[in-house]
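Below, each chain spelled out in residue letters.
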Amino acid sequence: MLKNKELERKGQGVRLNFIFGLLALIILVCGCKKGSNSSKDSKLSFPENYVELSYSSDSTTFSFWSPLAEEVRVMLFDQGDRGAVSEVFEMKKNGKLWSCSVLRDLKDHYFTFNAKVNGKWLGETPGLLPISTDLSGKRAAIIDWKETYNKEEQKESALSSNNLLDAIIYEIDLEAIATSSHEVYLFLLDQISHLSELGITHVLFSNVRTQNEELINKRGIKNLTAPWSGFSSTVSSPANLIRRFRTLIESFHQAGIGVVLEKNWIDIEKKTAFTYSYPYSILEKARGGEEVMQDYLIESLLYWQKEYGIDGFHFIGVESFSPKFIDKIKNSLEEKQLLYFGTQTFSGEEKIQEFPLLRQMYVGNEEEEQSDQFNFYNFIVNTPAVKEETLLNLFLPDYLNNTGKSLRAINSIPTSKGGTFSALFVDQNPYKLKQYQKMALAYLLTSTDTPLLRAGEEFFISEDKGGLEWFTVESNKELFFYVKELIRMRKSHPAFKLLADQSKRQNVVPLTSSPNVFAYSLVNHANGDSWKEIVVAYNRGNYSEKIEVATGKYTVVANEWSVSSAGLGTLYGPSLYIAPHSVLICYLEE
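Worth saying up front: this structure is predicted, and the values here are computed from it rather than measured.

Basis of the calculations
- Residues numbered from 1 in each chain as written.
- Predicted model: local features only at pLDDT ≥ 70, side-chain atom pairs only at ≥ 80, totals over all residues.
- Heavy atoms only, no water.
- Helix = DSSP H or I, 4+ residues; strand = E, 2+ residues; numbered from the N terminus.
- Buried < 20%, exposed > 50% of the residue type's maximum accessible area, 1.4 Å probe, protein only.
- Contact = heavy atoms within 4.5 Å.
- Core = buried A, V, L, I, M, F, W, Y, C linked by side-chain atoms within 4.5 Å.
- Salt bridge = Lys/Arg side-chain N within 4 Å of Asp/Glu carboxyl O.
- Axes fitted to C-alpha atoms, helices over the stretch in contact; angles between N-to-C directions.
- Parallel < 35°, antiparallel > 145°, perpendicular 65-115°, else oblique.
- Left-handed = near helix turned anticlockwise from the far one by under 90°.
- Nonpolar A, V, L, I, M, F, W, Y, C, P; charged D, E, K, R; others polar.
- Expected span 1.5 Å × (residues − 1).
- Pairing = 2+ DSSP bridges.
- Phe/Tyr/Trp six-rings, centres within 6.5 Å; stacked < 30°, edge-to-face > 60°.
- pLDDT = per-residue confidence, 0-100.
- Polar contact = N/O pair within 3.5 Å; in protein donor to acceptor, adjacent residues only side chain to side chain.

Chemist: Please clarify how the overall build of the protein chain should be interpreted in this entry.
Modeler: A tally of regular secondary structure across the protein chain gives 14 helices and 25 strands. For the protein chain, the proportion of its 590 residues judged to be buried stands at 53%. Taking the contacts inside the protein chain whose residues are at least 6 apart along the sequence as the reference set, 74% of them involve residues at least 24 apart.

Chemist: For this particular structure, what's the right way to read the nonpolar core?
Modeler: What tends to happen in soluble globular proteins is that the nonpolar side chains get buried as a cluster. Core analysis: the biggest nonpolar cluster contains 134 residues, and Phe 62, Leu 188, Phe 315 and Tyr 538 have the highest contact counts within it. The contact partners of Phe 62, leaving out residues within four places of it in the chain, are Glu 52, Leu 53, Val 74, Met 91, Trp 98, Ser 99, Cys 100, Val 102, Leu 106, Phe 111, Phe 113 and Ile 142. Residues Ala 537, Tyr 554, Val 556 and Leu 584 belong to the second largest nonpolar core, which totals 14 residues.

Chemist: Explain the pattern of salt bridges here, please?
Modeler: With the rule as written, the count across this model stands at 15 salt bridges. The closest approach of N and O atoms between Asp 144 and Lys 146, which form a salt bridge, is 3.3 Å.

Chemist: What exactly am I supposed to notice about the packing of helix H13 (residues 430–446) against helix H14 (residues 477–492) here?
Modeler: When two helices pack together, their arrangement is captured by the angle between the axes and the distance separating the axes. Put simply, H13 and H14 touch, their axes get as near as 10 Å, and they point 15° apart. One way to sum up the angle between H13 and H14 is to call them roughly parallel. Considering the relative orientation of H13 and H14, their crossing is right-handed. Here Gln 437, Lys 438, Leu 441, Ala 442, Leu 444, Leu 445 and Thr 446 of H13 come into contact with H14, specifically with Glu 478, Leu 479, Tyr 482, Val 483, Leu 486, Ile 487, Met 489 and Arg 490. Tallied by class, the residues present in the contact of H13 with H14 amount to ten nonpolar, two polar and three charged.

Chemist: Would you mind showing me how to read helix H6 (residues 238–254) here?
Modeler: Note on helix geometry: an α-helix contains 3.6 residues per turn, so any two residues three or four positions apart are oriented the same way. With 17 residues, H6 ought to run about 24 Å at 1.5 Å a step, and its terminal C-alpha atoms sit 25 Å apart, in line with that. Residue Gly 256 follows H6 closely and has a positive phi angle near 80°.

Chemist: Looking at this structure, I do not really get unusual backbone geometry. What am I missing?
Modeler: The bulk of non-glycine residues show a negative phi, and the bulk of peptide bonds are trans. Note that the residue after Gly 573, namely Pro 574, is joined by a cis bond; omega there is 25°. Its place among the elements puts Pro 574 in strand E24 (residues 569–578). Positive phi is not limited to glycine here, since Asn 527 has a value of about 60°. One can find Asn 527 in the loop between strand E21 (517–522) and strand E22 (534–539).

Chemist: Is there a simple way to explain the sheet that holds strand E23 (residues 545–558) in this structure?
Modeler: The strands making up a sheet associate through backbone hydrogen bonding, with each pair oriented either parallel or antiparallel. Reading across from one edge, E20-E21-E22-E25-E23-E24 is the order of the six strands in this open sheet, with antiparallel pairing throughout. Edge positions in the open sheet fall to strand E20 (508–510) and E24, since each of these has one partner strand only. Adjacent strand axes in the sheet meet at a mean angle of 30° when their direction is disregarded. As defined by bridge partners, E23 adjoins E24 across nine bridges and the pair is classed as antiparallel. What sits directly across from Lys 553, in E24, is Tyr 572. Of the strands in this sheet, E21, E22 and strand E25 (582–588) touch H13, which is tilted by about 145° from E22.

Chemist: Looking at this structure, how should I read the pairing of strand E11 (residues 202–206)?
Modeler: A regular strand places its side chains so that they alternate between the two faces of the sheet. With five of its five residues buried, E11 lies for the most part within the structure. The alternating pattern of E11 places His 202, Leu 204 and Ser 206 and Val 203 and Phe 205 on opposite faces, both of which are buried. Both strand E10 (residues 169–173) and E11 contribute to a ladder of five bridges, which runs parallel. Looking across to E11, one finds that Ile 172 is bridged to Phe 205. Of the pairings in the sheet, the one linking E11 to strand E12 (residues 258–264) comprises four bridges and is parallel in character.

Chemist: I tried to follow the packing of helix H4 (residues 184–198) against H6 on my own but got confused; where do I start?
Modeler: Between H4 and H6, the least distance of the axes is 10 Å, while the angle of their chain directions is 5°. Compared by their axis directions, H4 and H6 come out roughly parallel. Two secondary-structure elements touch here, H4 through Tyr 185, Leu 188, Leu 189, Ile 192 and Leu 195 and H6 through Arg 244, Thr 247, Leu 248, Ser 251 and Phe 252. A per-class count over the contact of H4 with H6 returns seven nonpolar, two polar and one charged.

Chemist: What is the right way to look at the packing of aromatic side chains in this model?
Modeler: When we look at a pair of aromatic rings, we describe it by the centre distance and by the angle of the planes. According to the stated counting rule, one finds 22 aromatic pairs in the structure shown. Seen in terms of ring centroids, Phe 46 and Trp 65 are 5.5 Å apart; in terms of plane orientation they differ by 70°. Their pairing is edge-to-face. You can see Phe 46 sitting in the loop between helix H2 (38–41) and strand E1 (53–55) and its partner Trp 65 sitting in strand E2 (residues 60–65), a full 19 residues away along the chain. On the basis of relative accessibility, which here comes to 7%, the residue Phe 46 falls in the buried class. Trp 65 sits in the buried class, given a relative accessible area of 2%.

Chemist: I'm lost on the environment of Ile 547 in this one. Help?
Modeler: One can find Ile 547 in strand E23. Judged by its relative accessible area of 0%, Ile 547 is buried. For Ile 547 and Tyr 577, which are 30 residues apart along the polypeptide, the C-alpha to C-alpha distance reads 6.2 Å. Residue contacts for Ile 547: discarding those within four places in its chain leaves Leu 511, Thr 512, Ser 513, Val 517, Ala 519, Ala 537, Pro 574, Ser 575, Leu 576 and Ile 578.

Chemist: Please explain the confidence of the model for the protein chain as it appears in this structure.
Modeler: A low pLDDT means the predicted coordinates there should not be read in detail. Averaged over every residue, the pLDDT of the protein chain is 78; residues scoring 70 or more account for 72%. Taking the mean pLDDT of every element in the protein chain, the minimum, 37, falls on helix H5 (residues 213–219) and the maximum, 97, on strand E3 (residues 71–77). For the stretch residues 1–41, pLDDT sits under 50, and the model shows four contacts to residues farther than four places along the chain or on other chains. In this model residues 210–221 is a low-confidence stretch, pLDDT under 50, and it forms 26 contacts with partners more than four residues away in sequence or in other chains.

Chemist: Where do I start with the pairing of E22 in this structure?
Modeler: Most of E22 sits inside the fold, with six of its six residues counted as buried. Here E22 shows no split at all, with Ile 534, Val 536 and Tyr 538 on one side and Val 535, Ala 537 and Asn 539 on the other all buried. Looking at chain direction, E22 and E25 are connected through six bridges and run antiparallel. Bridge pairing in E25 places Val 536 opposite Ile 585.

Chemist: Quick question: what am I supposed to make of the environment of Asp 311 here?
Modeler: Within the fold, Asp 311 resides in the loop between helix H8 (289–308) and strand E13 (312–316). Exposure remark for Asp 311: the relative accessible area of 7% places this residue in the buried category. When the C-alpha atoms of Asp 311 and Gly 258 are compared, they prove to be 5.7 Å apart, with 53 residues separating the residues in sequence. The residues touching Asp 311, leaving out its near neighbours within four places in the chain, are Leu 159, Asn 162, His 253, Gly 258, Val 259, Leu 338 and Leu 339. Separated by 2.6 Å, the side chains of Asp 311 and His 253 make a polar contact. A distance of 2.7 Å separates the side chain of Asp 311 from the backbone nitrogen of Val 259, its partner in a polar contact.

Spelled out as structure tokens, the structure:
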């Protein structure tokens, strides 16, 4: 009897073990099936703190994100932009990432990844977020990251503010420097003292190319994280290039100047190395595909801030961003207190809500000529008087958001397409040209919103100069000091940073004068300014003109010759006179 019960218990145990084993097999099979269709049944996500290369003298670990891949390989090269592959390493899937380790010193070698999706090899890529590449950008470099830091003890940053409201931005075209036979790194280092004296708060590096144009056109790859190889043509290794880039950013910071990078993100999702990890044709249909691409792009921005201390970004093609992507960019950059603004490459009825925009004032662009925004070039060359509603548009732009709160814009003076402001007046005599330049820069630096100067505008650059000769300043010292004092005055007087919302409208009063004069007053201690009332006027005519103002004593702080907040002389209302082709700024003494 006992024996029968014991056999019965054993039989129950066998049956239970069989049931548990069957359940485990079902779970395993279901799990494999779910994993094989993850792109359809689960939401994609880009890994946080993503690192593709971990180097030490004993070993190098490679990692790559390609969730649909059937195989991934690492191709090793002895040289950067030339030479055949020397070794191939098969990677293994480990969670979300493919990885492999090589147990020897691979420093100064180069590598690419190649993923196989749906039976097809996607092609070689230096990675999604490569830290360093060869000069062509085709291959990632294996470097000792510790060697990219400067050995000397660095001085503390003197950067006081990263607020767009307080910014004076100075744009430098790096491609123009490189094509003018200049070493970009050394050239920029030489300009820091000049920019600091001028009063610039942020420098914008535009036309930053991370790979040669031929490669971008042929294969559509864009390197989002490695410094531009053309930045320094004399470096001996990728690690030295990064160290020089760090030195430059640190030098700007020590001078109190932030660094802003330009990002050309027009149709960006179709052009990045991401397509060699997760083909765009599949990604756009996947659940969460759009979000994972956006997370990847934002991760590339935060990398620049984390590794190099970059202070902001200028986005070209911002109108192609979805509202959700714009919110992600804003939230991510604002959390890090980074400056950001964008440029629309074409205008449309839809406004980019809550994203500061650079007003591109190119003369000859039909869209700009039809704009109701005040264009200083049109004021100079056209005879009709400036209407009151046009003046108010200067302080009340039409891109207010639905809360009635104004958005900041970034202003620049108008230019010819690809040229300069002075090139618009080639038939004028040199004196009149310089006066027009002073008027335009005074308008830029005393108007609401954030001013952006293009390199050389403070030296009277013109298209026929060629190269970068305009950085020889001796012949244009007068204009340089004029701009320097305008910037100093702007920084000291918040009336010139007046926000363009409805609550500030009563602070702007148009003034009566001739059709050749554009004039207004900033009243009631505008924006908390110490000056009770400020008169700002521009005369495009060939003769002196009269302006009707409130009765009282006025201290002149800017005229056709100079700028000084300490005062250049006195005038008395109710009638003030402004010289031909000049600006007049004065304040009413209490």
